[in-house]
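Overview (structure and organization)
Residues per chain, in single letters:
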Amino acid sequence: AVVSTQSTGKKLEVKERPDVGVYVKDLHQFSVKSAEDMDKIMTVGNKNRSVGATKMNEHSSRSHAIFTITIERYDQGIDGKGHLRMGKLHLVDLAGSERQA
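These lines cover the structure that appears in this document, whether it is placed above or below. Bear in mind that the values here come from a model prediction, so they are computed numbers and not experimental data.

**A short note on a nonpolar patch on the surface**
- Judged by side-chain polarity, I66, V92 and L94 come together as a nonpolar surface patch covering roughly 300 Å² of accessible area.
- Mapped onto the elements, V92 comes out in strand β8 (residues 82-93).
- The exposed category is assigned to V92, whose relative accessible area is 52%.

Below, the structure written as structure tokens:
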């Protein structure tokens, strides 16, 4: 299940449309200007995750989390035209994925 960023525990729905593809209804997206702002958003998301004790970890996550960082940079090229560069980084934490060393 996908859960909202609010502490209501409301489940979000995974949908599919021919024009958009697979998406999550009511998923939140934030624009930030600094690493500190990004950390605040991650903290809010982590507070809303389900946790429970296991034999290997007292605070094991009981929910998956995907945090996607999209970085965009707009430059004017030597040709005088604007150029957009974009990169994405997906950070994934799978529930109960601890491994014993």
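**Observations concerning the pairing of strand β7 (residues 65-76)**
- Little of β7 is tucked away: one of the twelve residues are buried.
- Alignment of β7 against β8, held across twelve bridges, turns out to be antiparallel. Along β8, the bridge assignment pairs Q76 with G82.
- Hairpin connection of β7 to β8: five residues between the antiparallel strands, including G80 at a positive phi of 85 degrees.

**Remarks on the environment of E13**
- Here E13 shows up in the loop between β2 (11-12) and β3 (14-17).
- Each C-alpha atom, one on E13 and one on L27, is 8.9 Å from the other, the two residues being 14 residues apart in sequence.
- Apart from residues no more than four positions distant in its own chain, E13 is found in contact with Y23, V24 and K25.
- Looking at E13, its side chain comes within polar contact range of the side chain of K15, at 3.0 Å.

**Quick look at the pairing of β3**
- Note: β3 against strand β4 (residues 21-24), four bridges, orientation antiparallel. Bridge pairing in β4 links R17 to G21.
- Connecting the antiparallel pair β3 and β4 is a turn made up of three residues.

**Some thoughts on the pattern of salt bridges**
- Tallying each qualifying case throughout the model produces three salt bridges.
- Notably, a salt bridge pairs D19 with R17, separated by 2.8 Å at the nearest N-O pair.
- Overall, the relative accessible area of 59% leaves D19 in the exposed class.
- R17 sits in the partly exposed class, given a relative accessible area of 37%.
- One salt bridge connects D75 with R73, and the closest N-O pair in it is separated by 2.8 Å.
- Of the residues examined, D75 reaches a relative accessible area of 24% and is grouped as partly exposed.

**Let's talk about the environment of M38**
- Mapped onto the fold, M38 is located in helix α1 (residues 35-47).
- We classify M38 as partly exposed; its relative accessible area is 25%.
- For the pair formed by M38 and I69, sequence separation is 31 residues and the distance between their alpha carbons is 8.9 Å.
- Once you skip the residues sitting within four places of it in the chain, M38 turns out to touch V32, F67 and I69.

The rules behind the values
Residues numbered from 1 in each chain as written. Predicted model: local features only at pLDDT ≥ 70, side-chain atom pairs only at ≥ 80, totals over all residues. Heavy atoms only, no water. Patch = residues over 30% accessible without salt bridge, like charges linked within 9 Å, V, L, I, M, F, W, Y side chains within 5 Å. Areas by Shrake-Rupley, 256 points an atom, 1.4 Å probe, with all protein chains shown as cover. Salt bridge = Lys/Arg side-chain N within 4 Å of Asp/Glu carboxyl O. Helix = DSSP H or I, 4+ residues; strand = E, 2+ residues; numbered from the N terminus. Buried < 20%, exposed > 50% of the residue type's maximum accessible area, 1.4 Å probe, protein only. Pairing = 2+ DSSP bridges. Contact = heavy atoms within 4.5 Å. Polar contact = N/O pair within 3.5 Å; in protein donor to acceptor, adjacent residues only side chain to side chain.

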